[in-house]
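Residue strings, one per chain:
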Amino acid sequence: MKYIVLTIGFISLALGIIGIFIVLLPTTPFLLLSGVCFAKSSTKVNEWFKNTKIYKQYIESYVENKSMTKKRKISLLAIVTVLLLIGIFLAKSIHLKTFMGVVLLAHYYYFIFRVNTAQE
């Protein structure tokens, strides 16, 4: 099981790195997943990950302070909003449209009321 979680962590890390360059692929959630997987699977890999520039730049403040900069919050919400709105407009099922609308509202609620805003 340890190796499966470690593999998921590295796949998530790769997707997070790709997300740095491709705007439509979110970086932060994949890096957070990587951090969780590494913490649960390997102390050595977890320490390595925490010392990388990617960790320090993208998720260290969130992990330590449960906060993000206003710019990062707006960026994440903009990407999620665009992707979910595309899905809502393309979906034919009213149930799927409703579900995606609820997911979008949940994202806004979480980022506005649950994630603290850090100073830049």
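See the structure printed just above.
The residue count restarts for each chain, going from 1 along the sequence in the order it is written. Reporting of local features is limited, given that this is a predicted model, to residues whose pLDDT is at least 70; pairs of side-chain atoms are given and counted only at 80 or more, and all residues count toward the totals for whole chains, interfaces and linings. As a rule here, side-chain values cover all heavy atoms of the structure and leave hydrogens and water aside.

(A) Structural detail: the overall build of the protein chain. Secondary structure assignment for the protein chain yields seven helices and two strands. Going along the chain from the N terminus, every DSSP run of H or I of four or more residues is numbered as a helix, and every run of E of two or more is numbered as a strand. In the protein chain, the order of α-helices and β-strands from amino to carboxyl end is α-α-α-α-α-β-α-α-β. Projecting the C-alpha coordinates of the protein chain onto the three principal axes gives extents of approximately 45 × 35 × 25 Å. When a residue's accessible area, from a 1.4 Å probe over protein chains only, is under 20% of the maximum for its type it is buried; when over 50% it is exposed; and in between it is partly exposed. In the protein chain, which comprises 120 residues, the proportion classed as buried is 33%. Should any heavy atoms of two residues lie within 4.5 Å, those residues are counted as being in contact. The contacts in the protein chain between residues at least 6 apart in sequence include a share of 61% that link residues at least 24 apart. Distance from the positive charge centre (14 side chains) to the negative charge centre (4 side chains) of the protein chain: 11 Å. Only four residue types enter the charge count: Lys and Arg as positive, Asp and Glu as negative, with His and the chain ends excluded. Working definition for charges: the position is that of NZ of Lys, CZ of Arg, CG of Asp or CD of Glu.

(B) Just the packing of aromatic side chains, in detail. Paired rings are identified among Phe, Tyr and Trp, the last through its six-membered ring, by centres lying within 6.5 Å, and are further divided according to the angle between planes into stacked (under 30 degrees), edge-to-face (over 60) and tilted (the rest). Inspection of every chain in the model, using the stated rule, returns seven aromatic pairs. Aromatic pair Phe 10 and Phe 38: ring centres 4.9 Å apart, planes at 55°, arrangement tilted. Residue Phe 10 is found in helix α1 (residues 2-21), and its partner Phe 38 is found in helix α2 (residues 28-41); the two are separated by 28 residues along the sequence. Residue Phe 38 is classed as buried on the basis of its relative accessible area of 0%.

(C) Here's a closer look at the environment of Phe 30. Position of Phe 30 among the secondary structure elements: in helix α2. Residues Phe 30 and Ala 118, spaced 88 residues apart in sequence, show a C-alpha to C-alpha distance of 21 Å. Sequence-distant contacts of Phe 30, that is, excluding residues within four places in its chain, are made with Ser 12, Leu 15, Gly 16 and Leu 25.

(D) Region of the structure containing the nonpolar core. For this analysis, a nonpolar core means a set of buried residues of the types Ala, Val, Leu, Ile, Met, Phe, Trp, Tyr and Cys, connected via side-chain atoms within 4.5 Å. Within the largest apolar cluster, nine residues are counted, these being Leu 6, Leu 13, Leu 31, Phe 38, Val 45, Phe 49, Tyr 55, Tyr 58 and Ile 59. For this core, the secondary-structure elements that each account for two or more residues are α1, α2, α3 (43-50) and α4 (53-58). Leave out the neighbours within four places in its chain, and Tyr 55 touches Phe 49, Lys 50, Glu 60 and Val 63.

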